[in-house]
Amino acid sequence: MRKRIIAGNWKMNETIDESVALASAIKSSLFEIDDPEVVLCPPFTSIARVGEIIYGTAIELGAQNMYWEQSGAYTGEISPPMLKALGCRYVILGHSERRGLFGETDAVVNRKIKACLENGLSPIVCVGETLEKREAGVTREIVSKQFTRSLAGISGEDIKRCVIAYEPIWAIGTGRTATPVQAQEVHAFIRSLIAESFGREAADEVRIQYGGSVNPDNAGGILSQPDIDGALVGGASLKAESFCRIVLS
Ligand code: PEP
């Protein structure tokens, strides 16, 4: 049985004071919840403070990106041990904003995933197609390519520590969400890719989140699908009330 996982991707939002207020409000509603698993992914500058606030609860901490080296002359970058030391358990990798705005290729994402796993962190690996590709009918080809290249060389054991996030780019921050049926179709396809590359047992264990304009009104329908094991939430994770309603839906 896969435990659902709902992660809030705060992106480049929330100063430290704002993060403290948001995390405190979320904690006051969710401190007793351990199913679904809840993950907060604040900007780097707020991770330490948010970690202090959720300490002692089942709420987990995540980062939105990292570099693959352990330390050294990489100005502006953050390493896996730095995130570990802050108490992070998850790292979002290959988000479409990183791929699209910062030129991250599947090869870069693959190096980051390997470093993440080697350092005892769990990657939330994002894949998803543009509107143009969906309309061209090549969603499966795009998702399959991203999946295969990003996860090349990962072992059958390590894949079980990965979370896959299916995030159609046309649904991110647009208010236009995939229907439950559209999302389920791609999630089932991703699970078949996991089975092909890593075996049936892994495919049954790996959690696949949906991301793209999830809100309290559409979460129930999306999360009721058999291959959808949670949500990666952007905009709606910035309001405690809407994020908590998604978690509790
Ligand atoms: C995201 O950025 O991962 C995301 C899903 O954003 P939103 O929920 O705002 O579409």
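Residues numbered from 1 in each chain as written. Predicted model: local features only at pLDDT ≥ 70, side-chain atom pairs only at ≥ 80, totals over all residues. Heavy atoms only, no water.

> For this particular structure, what's the right way to read the overall build of the protein chain?
Counting its regular elements, the protein chain contains 11 helices and eight strands. Whereas a compact globule of 249 residues would reach a radius of gyration of roughly 18 Å, the protein chain reaches 17 Å, a difference of no more than 12%. In terms of principal-axis extent, the alpha carbons of the protein chain reach across some 45 × 45 × 35 Å. Put simply, of all contacts in the protein chain between residues at least 6 apart along the chain, 72% involve residues at least 24 apart. Roughly 11000 Å² of accessible area belongs to the protein chain as shown, and the carbon and sulfur atoms make up 52% of that amount. The average position of the 26 basic charges and that of the 31 acidic charges among the side chains of the protein chain differ by 2 Å. (Helix = DSSP H or I, 4+ residues; strand = E, 2+ residues; numbered from the N terminus. Rg over C-alpha atoms; globule rule 2.2 N^0.38 Å. Contact = heavy atoms within 4.5 Å. Areas by Shrake-Rupley, 256 points an atom, 1.4 Å probe, with all protein chains shown as cover. Lys, Arg positive; Asp, Glu negative; His and termini not counted. Charge placed at Lys NZ, Arg CZ, Asp CG, Glu CD.)

> Whenever I open this one, the side chain of N110 confuses me. Can you help?
Turning to its location among the elements, N110 is positioned in helix 5 (residues 106-118). Ignoring sequence-local partners within four residues, the contact set of N110 consists of R149, S150, L151 and A152.

> Just to check I follow, could you spell out the nonpolar core for this structure?
It is characteristic of soluble globular proteins that their nonpolar side chains tend to be buried jointly. Core analysis: the largest hydrophobic core is formed by 67 residues, its most contacted members being I26, L40, L151, I164, I190 and I194. Considering each element in turn, this core owes the most residues, eight residues, to helix 8 (residues 180-198). With residues near it in sequence (within four places) discarded, L40 still touches G8, W10, A23, I26, V50, I54, I59, E60, L61, G62 and F243. (Core = buried A, V, L, I, M, F, W, Y, C linked by side-chain atoms within 4.5 Å. Buried < 20%, exposed > 50% of the residue type's maximum accessible area, 1.4 Å probe, protein only.)

> Just checking my understanding: could you explain the environment of D227 for this structure?
By the element assignment, D227 lies in the loop between helix 10 (219-223) and strand 8 (230-233). A residue is classified by how much of its surface remains accessible, and D227, at 14% relative accessible area, is buried. On a C-alpha basis, the gap between D227 and Q184 in space is 6.1 Å, while along the polypeptide they are 43 residues apart. Setting aside residues up to four positions removed in sequence, D227 forms contacts with R2, Q184, H187, A188, R191 and I208. Reaching out from D227, the side chain makes a polar contact with the side chain of Q184 at a distance of 2.8 Å. (Polar contact = N/O pair within 3.5 Å; in protein donor to acceptor, adjacent residues only side chain to side chain.)

> Whenever I open this one, the pattern of salt bridges confuses me. Can you help?
Proximity of charged atoms lets side chains of opposite charge pair with each other. Within this structure, the stated rule accounts for 19 salt bridges. A salt bridge links R89 to E37; its shortest N-O distance comes to 3.9 Å. Linking R89 in the loop between helix 3 (80-85) and strand 4 (90-93) with E37 in strand 2 (residues 37-41), this pair joins segments that are 52 residues apart in sequence. Residue classification places R89 among the partly exposed residues on the basis of a relative accessible area of 39%. You can call E37 buried: its relative accessible area is 10%. Ionic pairing is found between R207 and E37, a salt bridge with its closest N-O pair at 2.8 Å. On the criterion of sequence distance, the pair formed by R207 in strand 7 (residues 207-211) and E37 in strand 2 is long-range, its members being 170 residues apart. (Salt bridge = Lys/Arg side-chain N within 4 Å of Asp/Glu carboxyl O.)

> I would appreciate a short explanation of the sheet that holds strand 5 (residues 122-127) in the present structure.
What links the strands of a sheet is backbone hydrogen bonding, and the strands pair in either a parallel or an antiparallel sense. As summarised here, the arrangement of the eight strands in space is 1-2-3-4-5-6-7-8, forming a closed barrel in which the pairing is parallel. Going across the sheet, the axis of each strand differs from the next one's by a mean of 25°, ignoring polarity. Relative to strand 8, strand 1 (residues 5-9) is paired through four bridges, and the arrangement is parallel. The partner of A7 across the bridge, within strand 8, is L232. Helix 2 (residues 44-54) contacts strand 2 and strand 3 (60-63) of the sheet and is inclined by roughly 175° relative to strand 3. Sheet contacts for helix 8: strand 5, strand 6 (163-166) and strand 7; angle to strand 7, the most-contacted strand, approximately 150°. (Pairing = 2+ DSSP bridges. Axes fitted to C-alpha atoms, helices over the stretch in contact; angles between N-to-C directions.)

> What's the story with helix 8 in this structure? I'm lost.
Residue pairs spaced three or four apart in an α-helix point in one direction, given the helix's 3.6 residues per turn. An ideal rise of 1.5 Å per residue puts 27 Å on 19 residues; helix 8 measures up with 26 Å between its terminal C-alpha atoms. For helix 8, the full list of buried residues reads A183, Q184, V186, H187, F189, I190, R191, L193, I194, A195 and F198. Downstream of helix 8 by a residue or two, G199 has a phi angle that is positive, lying close to 100°. (Expected span 1.5 Å × (residues − 1).)

> I keep staring at the environment of L151 and nothing clicks. Help me out?
For L151, the position within the fold is in the loop between helix 7 (139-150) and strand 6. For L151, a relative accessible area of 4% gives the class buried. Considering only alpha carbons, one finds L151 and T57, 94 residues apart in sequence, at a separation of 31 Å. What L151 contacts, discounting residues up to four positions off in sequence, is N110, I113, V125, I159, C162, I164 and F198.

Geometric descriptors of this kind do not, in isolation, establish any biological role.
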